[in-house]
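Residue-level listing of the chains:
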Amino acid sequence: MKPIFTLICCFLLITISNSQERYLTKNGAINFFSKAPMEDITADNNQVLSIVDATNNKMAISILMKSFLFEKALMQEHFNENYVESDKFPKATFKGTILNFDAINEVASKQQVKGILTIHGVEKEITIDANFTKTVDSILVDGDFVINLEDFEVEIPAVVAKNIAKNIKVSFKFNHKPYKK
Amino acid sequence: MKFKKIILGILVVGIVGAFVAYKIYNKPHLDITEASADITISANNLMQDFSSDENTANTKYLDKIIQVKGVISETKIENEIGIITLKTNDNFGSILCHLSKEATKKINTLKEGQTITVKGICTGYLMDVILVKAEII
């Protein structure tokens, strides 16, 4: 009986170590930058939740709009109340697939992630180039892309058209760790 | 004479207007250390409110200064920001407190298992309830 029991334990252990295929970060960083003739505006969010599922190459990201912190309180107020309406749409999300997940290794490589980005309640299909580095205990993803405010129905009044760029550069950095619990 | 007075009047209004506009533009962020908490609650109850009904909790807590009492499960510093995790009864979620610059300096004095009170602005719920610009009390 005993060897069988040991064997079962071994199998259990193997499945447990194998199930370690989810990588997650709760402190992902996203920054956006708007370059306009009147002023440059930048905001940081360091509370982004990002999950990489290595079993099906999926990636899911959740962002709280109110977590974007601006240099000036007035900018933050306008951003939340007038532009992204974060009371109505508190979260932005991205759900996508890493196209060539198997190619990711210790050496940083550029990979494409294709998926649906939802901001301001508007869904849009998007393909993003990102740098992936995978080590034993982490998956690091970073890069940047440009979003167009009109695509997400974010309206900028004519009065401040010179202060806010139509195309916003978004930079991101997620250091995923194996998910335990 | 009359003409001069009008010009002077316009000038004064203009200067005052510009000053007010400048003040509004540079309106300072809310000072968490000075401001009193809108809501005082335990880490467990806060988590429960969000996990049971996120929408109601959003209207109740978002953008408010919340004072939370709880037990530390983890402290760390990432991107120069101190992060305190407070335990809850929930299996997955906890309260994530991102500290202000000043509070980050004090993070080394904190120990796991210690009960503390943190005051910060609630920005929402992902897996965890998130507070930003938090101060240790």
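Note that the structure is a prediction, hence the values are computed from the model and not measured.

1. Quick look at the pairing of strand 1 (residues 22-35) of chain A
All names here are of chain A. Note that strand 1 and strand 2 (residues 40-53) share 11 bridges and pair antiparallel. Counterpart to Thr 25 in the pairing with strand 2 is Ser 50. The pairing of strand 1 with strand 9 (residues 167-178) spans seven bridges and is classified as antiparallel. Its bridge partner lying in strand 9, Leu 24 is registered against Lys 177.

2. Quick look at the interface of chain B and chain A
As a measure of interface size, the accessible area lost when the parts come together is often cited. If you look at the interface, chain B gives 22 residues, while chain A gives 15 residues. Elements with a minimum of two residues in the side of chain B that touches chain A: helix 1 (2-25), strand 3 (81-86), strand 4 (95-99), strand 5 (115-125) and strand 6 (129-136) of chain B. Tallied by class, residues from the side of chain B that touches chain A come to 11 nonpolar, seven polar and four charged.

3. A few points about the nonpolar core
All names here are of chain B. Counting 63 residues, the largest nonpolar core has Val 68, Ile 95, Cys 97, Val 129 and Leu 131 as the members making the most contacts within it. Per-element tally for this core: the top contributor is strand 6, with six residues. Ignoring anything within four residues of it in the chain, the contact list for Val 68 reads Ile 41, Ala 43, Leu 46, Leu 86, Ile 95, Thr 117, Val 118 and Leu 131.

Conventions we followed
- In this convention, every chain numbers its residues from 1, walking through the sequence in written order.
- Starting at A for chains and at 1 for ligands, labels are handed out in the order in which the entities are written.
- Where local features are concerned, this predicted model is filtered to residues with pLDDT of at least 70; where side-chain atom pairs are given and counted, the filter is 80 or more; whole-chain, interface and lining totals use all residues.
- By the convention used here, strands pair only if DSSP detects at least 2 bridges between them.
- Secondary structure elements are taken from DSSP: a helix is a run of H or I of four residues or more, a strand is a run of E of two residues or more, and numbering for both begins at the N terminus.
- Once C-beta atoms have been placed from the backbone, residue pairs whose C-beta atoms lie within 7 Å are recorded as contacts.
- Any residue outside Ala, Val, Leu, Ile, Met, Phe, Trp, Tyr, Cys, Pro, Asp, Glu, Lys and Arg is labelled polar, Gly included; the first ten of those are nonpolar and the last four are charged.
- In these notes, a nonpolar core means any group of buried Ala, Val, Leu, Ile, Met, Phe, Trp, Tyr and Cys residues linked to one another through C-beta atoms within 7 Å.
- Working definition of burial: number of other C-beta atoms within 10 Å of the residue's own, with buried at 20 or more, exposed at 12 or fewer, and partly exposed in between, all C-beta atoms being placed from the backbone.

The values are spatial; any link to function lies outside them.
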